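Working through the structure, step by step
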Amino acid sequence: MTLYADRQAIAPLLRDHSPEDALAAYYALHHSETRTQLLVHRDERGHALGFMAVCQTGFDLFQPLAVLRAPTTEMTARLLRNGLAPTRSYHVIVPPALAPAVEAEMNVTSSATHWVFEVHRANFKPVINVLVTSSRGPDGGMRFAIRAADGSVVAESGTNWRSDEFAEVFVHVEFVARGRGLGKSVVSACTAHLFESNLRPLYFVDQDNTESVAVAEALGYTDTGARERAYVGSLKRRMQET
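The sections below set out a description of the structure shown in this document. The numbers attached to residues start from 1 for each chain and follow its sequence in the written order. Only residues with pLDDT of at least 70 are given local features in this predicted model, and only at 80 or more are side-chain atom pairs given and counted; all residues enter the totals for whole chains, interfaces and linings. To get the side-chain values, all heavy atoms of the structure are used, and hydrogens and water are removed first.

1. What to know about the environment of Glu211
Here a strand is any run of E in DSSP of at least two residues, a helix any run of H or I of at least four, and the numbering for each starts at the N terminus. Within the secondary structure, Glu211 sits in helix 6 (residues 210–218). Spatially, the C-alpha atoms of Glu211 and Tyr27 are 28 Å apart, while their sequence positions differ by 184 residues.

Rendered as C-alpha cells:
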C-alpha cells in the first residue's frame, strides 16, 4: 500500500484533537512523506490495529524518531522488531503502557517521562521583554531569541513540529544565563506567535526538570495529564520476525 493509504488506515487509532496523541499524530500522519516510514499491523480483514512511524527529523539526522501505538505489548514488540535496524540508535516515544515492551526489546541508553502541558489563550500570562528578537529558523519556522553583547544566543524558543492544530514549543537557555527569566521571555514570545497563528501550544517537559515546569506554569501552561515515555537506544540483537 502507499503511505497515503496507510495513513488513512491508522488515522482512527489516533485522537487528532487530543494533546495526548498530538505528537504521534503529527509524525505518523503529517510529517514529510520523504522522511517517514510507516509500519502497520493489520488483522485478517486488513483493518489497522497498531502502527510504528519511523521519521527522519532535523534534530538528529543519524538517530531517527519512532512513535508507536498498539493495543498490546506483544504487538509493540513485533513492530519494534520488524521496523528497527538492530545496529542503529533510535529515539522512541510511546505511551507509558507500552514502556515494558520497549525496555524488553531495546538496549536503552537513556529514558525519561515527559509531561505534556498546554496553555489556553484565556489563561496565557505573557511576558514582554524588548530584548527578544525574532527570525526564521532552518525549517522556516519562527525562532525567538535573546542575545549577549557579542551577538551569541543565550536563550531561544521555537517549535519542534507543527500540525494543523498543535505546535510543540522548545526552549534552550545557556547555563550561564539561567535564573534570569530569559527562558520565560522567549517562550512567551513563541506562545504569543502560535496563538496569532491559531495553533494550540504544547510544552513537553521532563518530569524531573523543575525549572522548565516553573517556566511553563508561570506563563499559564497547565498539565494536561498526558504522559510520554521517551527512550534512546538500539534494538537487541535477535532473530527478527517477518
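Having put the structure on the table, let's press on.
2. Considerations on helix 1 (residues 3–10)
Relative accessible area decides the class of each residue, using a 1.4 Å probe on protein chains only: under 20% of the type maximum gives buried, over 50% gives exposed, and in between gives partly exposed. For helix 1, the set of buried residues is Leu3, Asp6, Arg7 and Ile10. The arc that holds the buried residues of helix 1, viewed along the axis, is 100°, so those residues lie on one side. In what follows, a contact means two residues having at least one pair of non-hydrogen atoms within 4.5 Å. On its buried face, helix 1 is in contact with helix 2 (19–30), strand 1 (36–42) and strand 2 (48–55). The arc in question is traced by the directions running from the helix axis to the C-beta atoms.

3. Details of the side chain of Glu168
Here Glu168 shows up in strand 9 (residues 166–173). In this count, Lys and Arg are taken as positive residues and Asp and Glu as negative ones, while His and the chain termini are left out. Just to be clear on terms, a salt bridge is a Lys or Arg side-chain nitrogen sitting within 4 Å of an Asp or Glu carboxyl oxygen. Buried Glu168, no salt bridge; nearest opposite-charge side chain is Arg162, N-O distance 11 Å. A polar contact is formed between the side chain of Glu168 and the side chain of Trp161, at a distance of 2.5 Å. Non-local contacts of Glu168, meaning those with residues more than four positions away in its chain, are made with Leu23, Gly158, Thr159, Asn160, Trp161, Leu202 and Phe204. Pairs of N or O atoms are called polar contacts if they sit within 3.5 Å, as long as, within protein, a hydrogen donor faces a hydrogen acceptor (for residues adjacent in sequence, only side-chain-to-side-chain pairs).

4. Here's the deal with the pairing of strand 5 (residues 106–118)
In this structure, strand 5 lies alongside strand 11 (residues 222–235), joined through eleven bridges in antiparallel fashion. Within strand 11, the residue paired with Asn107 across the bridge is Ser234. Of the pairings in the sheet, the one linking strand 5 to strand 10 (residues 200–206) comprises five bridges and is antiparallel in character. Bridge assignment links Val116 to a residue of strand 10, and that residue is Phe204. Two strands pair if DSSP finds at least two bridges between them.

5. Comments concerning the pattern of salt bridges
Applying the stated rule across the entire model yields twelve salt bridges. The closest approach of N and O atoms between Arg15 and Asp21, which form a salt bridge, is 3.2 Å. Since its relative accessible area comes to 5%, Asp21 is described here as buried. Between Asp223 and Arg227 there is a salt bridge, and its shortest N-O distance comes to 2.9 Å. Each member of the salt-bridge network shares a partner with another, and the members are Arg15, Glu20, Asp21, Arg69 and Glu228.

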